[in-house]
Amino acid sequence: MNIILLGPPGAGKGTQAKILVDGRGMVQLSTGDMLRAAKSSGTDMGNKVAAVMEAGQLVTDEIVIGLIAEKLDGEASGGFIFDGFPRTLAQADALGALLVSKGASLDHVIEMQVDDQALVDRITSRSTCGSCGEGYNDISKPIPANGICSKCNGSDFQRRSDDNEDSLKNRLMAYYKETSPLIGYYYAKEVLTSVDGLADIDEVESSISSALG
Ligand code: AP5
Ligand code: MG
């Protein structure tokens, strides 16, 4: 089963993708994570996209489609979770064509609905374990009081450099201008389910689980 998690910055795409990876053996393909990895390893492409990401704007379709095309050659017996991809209609068309070329299908698109103020609150309180990538949040999932990651015992917690007010405004604008048309696109393809992303993490998990069957 191949699915897309669709939603604005801070909707909980990464959080729910990790739950699906652990629970269903799916493979998470997050273009944001791939681009950040390229940035921190200093590849040509990483250096090229750094300023665009910092500003909260979209990286070119060509780059992200290339990243996804490479990953689709890998094994994923539980299926792929597309997290943060596609983000434009051109990316959506490209993903459709790539899946057809592999004899695969797109089974579900889960739209995670969250209001804008909640997004701002979540993003400004988010941190991640620098060792294993486990996500934390000052409000909903604080770092344990002993300062040790509950998943890997790491103690280096990081905040994303694009999690600031100016970048966030641009990220939200990019979502409404470029990405939100995908809601109608996938509705028309009869694969869309919308879930309340404002609910607690485990309630969102169970809504997604019901949608996936
Ligand atoms: P990307 O990394 O995809 O960022 P994003 O879309 O802005 O989304 P986030 O990762 O910030 O949020 P999320 O939905 O994963 O939420 P999370 O689970 O962390 O992209 C970054 C940049 O890369 C883009 O701006 C762009 O420049 C570039 N890029 C990436 N893909 C691209 C593409 N396809 N095309 C072009 N450019 C691209 O949750 C947020 C916080 O809330 C966490 O702290 C979490 O613990 C908490 N939380 C989660 N769920 C809940 C809940 N139910 N209740 C309470 N708190 C919750
Ligand atoms: Mg994410």
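The sections below set out a description of the structure shown in this document. (Residues numbered from 1 in each chain as written. Chains lettered and ligands numbered in written order. Predicted model: local features only at pLDDT ≥ 70, side-chain atom pairs only at ≥ 80, totals over all residues. Heavy atoms only, no water.)

## Re the environment of Ser127
Point 1. Assignment of secondary structure puts Ser127 in strand E5 (residues 126–129).
Point 2. C-alpha of Ser127 to C-alpha of Gly14: the two residues are 113 residues apart in sequence and 12 Å apart in space. (Helix = DSSP H or I, 4+ residues; strand = E, 2+ residues; numbered from the N terminus.)

## Section: the layout of surface pockets
Point 1. Empty space within the second largest pocket amounts to approximately 160 Å³.
Point 2. Along the walls of the second largest pocket sit Ala92, Leu95, Gly96, Leu99, Val100, Ala104, Ser105, Leu106, Tyr185, Tyr186, Lys189 and Val191, which together make up its complete lining.
Point 3. Residue assignment for the lining of the second largest pocket shows that the elements contributing at least two residues are helix H5 (89–101) and helix H8 (181–188).
Point 4. Looking at the lining of the second largest pocket, the element that brings in the most residues is H5, giving 5 residues. (1 Å grid on protein atoms, 1.4 Å probe; cavity = no way out; pocket = protein on both sides within 12 Å on 5 of 7 lines; lining within 4 Å. Points joined across faces, edges and corners; volume = space filled by probe spheres on them.)

## Topic: the site of ligand 1
Point 1. With respect to spatial proximity, 35 residues lie near ligand 1, and among them Thr15, Gln57, Arg87, Arg126 and Arg171 are the closest.
Point 2. Contacts to ligand 1 include Gly10, whose backbone N or O atom sits 2.8 Å from an oxygen atom.
Point 3. Lys13 is positioned such that a nitrogen or oxygen atom in its backbone is 2.9 Å from an oxygen atom of ligand 1.
Point 4. For ligand 1, the accessible surface in isolation is 1000 Å², of which the surrounding protein chains cover 94%.
Point 5. Every element with two or more residues in the shell around ligand 1 is listed here: helix H1 (13–24), helix H2 (31–40), helix H6 (116–124), strand E6 (135–137) and helix H9 (201–212). (Near = heavy atom within 4 Å. Polar contact = N/O pair within 3.5 Å; in protein donor to acceptor, adjacent residues only side chain to side chain. Areas by Shrake-Rupley, 256 points an atom, 1.4 Å probe, with all protein chains shown as cover.)

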